[in-house]
Amino acid sequence: MSQPTTVKGPWVGSGAILLVLLVSVGMFYYEYQVAPVANKPHIPQKITIYILAEQWAFMWNGTIDTHNTPIVVYVGDTVTFHVHGIWQQDPSFHEHGFFIEGLMDSPMTVMKGQDLIFTIVPTQPGDYTIICTVFCGAGHANMNGQFDVLS
Ligand code: CUA
């Protein structure tokens, strides 16, 4: 008489562990790769942005021209700007303006060599334009940048 064989010992345990592992990996994959990211609410961040206001561009982190590469934040983010003014082309001017159209109440003035520090919290999504509002030499009209707020 042969008895029915029962599987015992480590094989049952490792099978269960493998199953749990596979399910976990599957859930993780679904959460971050399959489920649409757009449905996730953005958790507001504190963001610090360093801008060099030079003749005649707003440079983000000193190297990225905001005219070609927009600064991107989300609605509800607390965005602190540090804007530093330099005049390497024409030293006869001493001021730049800094104004984000549609987002700021009034333009700010950046004096030569100084840091302008202020904080905004965007409440409406949109693609906004940063402009210089003080005449600062030959390229003043081209001195602008992009600031995009995602919802
Ligand atoms: Cu800078 Cu006008």
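Look up: the structure comes first, before these words.
Anyway, here's the lowdown on the structure attached to this text.

Calculation notes
Residues numbered from 1 in each chain as written. Predicted model: local features only at pLDDT ≥ 70, side-chain atom pairs only at ≥ 80, totals over all residues. Heavy atoms only, no water. Helix = DSSP H or I, 4+ residues; strand = E, 2+ residues; numbered from the N terminus. Buried < 20%, exposed > 50% of the residue type's maximum accessible area, 1.4 Å probe, protein only. Contact = heavy atoms within 4.5 Å. Areas by Shrake-Rupley, 256 points an atom, 1.4 Å probe, with all protein chains shown as cover. Core = buried A, V, L, I, M, F, W, Y, C linked by side-chain atoms within 4.5 Å. Polar contact = N/O pair within 3.5 Å; in protein donor to acceptor, adjacent residues only side chain to side chain. Pairing = 2+ DSSP bridges. Axes fitted to C-alpha atoms, helices over the stretch in contact; angles between N-to-C directions.

**Quick notes on the overall build of the chain**
Item 1. When you go through the chain residue by residue, the secondary structure sums to one helix and ten strands.
Item 2. Reading the helices (α) and strands (β) of the chain from amino to carboxyl end gives α-β-β-β-β-β-β-β-β-β-β.
Item 3. Relative to its 151 residues, the chain shows a buried fraction of 30%.
Item 4. For the chain, restricting intrachain contacts to residue pairs at least 6 apart in sequence, the fraction spanning at least 24 positions comes to 67%.
Item 5. Looking at the chain as shown, the accessible area adds up to about 9900 Å², and 61% of this sits on carbon and sulfur atoms.

**Structural notes on the nonpolar core**
Item 1. Membership of the largest hydrophobic core comes to 26 residues, with the highest contact counts inside it found for Ile49, Ile71, Phe81, Val83, Phe98, Ile100 and Phe147.
Item 2. Secondary structure elements with two or more residues in this core: strand E1 (46-54), strand E2 (57-60), strand E4 (71-74), strand E5 (78-85), strand E6 (95-100), strand E8 (115-120), strand E9 (126-131) and strand E10 (144-150).

**Observations regarding the side chain of glutamine 55**
Item 1. Residue position: glutamine 55 is located in the loop between E1 and E2.
Item 2. A polar atom in the side chain of glutamine 55 sits 2.8 Å from the backbone nitrogen of aspartate 90.
Item 3. Ignoring anything within four residues of it in the chain, the contact list for glutamine 55 reads Ile86, Trp87, Gln88, Gln89, Asp90, Phe93, His96 and Cys136.

**Some points on the sheet that holds E1**
Item 1. Within the open sheet, the five strands sit side by side as E3-E2-E1-E5-E8. Their pairing is mixed. The open sheet terminates on both sides in strands that have one partner only, identified here as strand E3 (64-65) and E8.
Item 2. Bridge count for E2 against E3 is two bridges, and the pairing is antiparallel. Looking across to E3, one finds that tryptophan 60 is bridged to isoleucine 64.

**A few points about unusual backbone geometry**
Item 1. With an omega dihedral of 10°, the bond running from glutamine 55 to tryptophan 56 counts as a cis peptide bond.
Item 2. Looking at where tryptophan 56 falls in the secondary structure, it is placed in the loop between E1 and E2.
Item 3. Here the phi dihedral of asparagine 61 falls at roughly 55°; this positive angle occurs in a residue that is not glycine.
Item 4. Locating asparagine 61 in the fold gives a position in the loop between E2 and E3.

**Notes on the pairing of E4**
Looking along a regular strand, one sees side chains alternate from face to face of the sheet.
Item 1. By the alternation rule, side chains of E4 split into Ile71 and Val73, which are all buried, and Val72 and Tyr74, of which none is buried.
Item 2. Here E4 runs beside E10; their pairing, made up of four bridges, is parallel. Opposite isoleucine 71, over in E10, you have phenylalanine 147 as the bridge partner.

**What to know about the side chain of threonine 66**
Item 1. Positionally, threonine 66 belongs in the loop between E3 and E4.
Item 2. Filtering out sequence-adjacent residues up to four positions away, threonine 66 remains in contact with Phe58, Trp60, Ile71, Asn144, Gly145 and Gln146.

**Focus: the sheet that holds E6**
By way of backbone hydrogen bonds, the strands of a sheet pair with one another, either parallel or antiparallel.
Item 1. Taken in spatial order, the five strands make up an open sheet running E4-E10-E9-E6-E7, and their pairing is mixed. Unpaired on one side and paired on the other, E4 and strand E7 (108-111) mark the two borders of the sheet. Neighbouring strand axes in the sheet, compared pairwise and without regard to direction, differ in orientation by 25° on average.
Item 2. Pairing analysis gives four bridges linking E6 to E7, with the strands arranged antiparallel. Looking at the pairing, glutamate 95 lines up with methionine 111 of E7.

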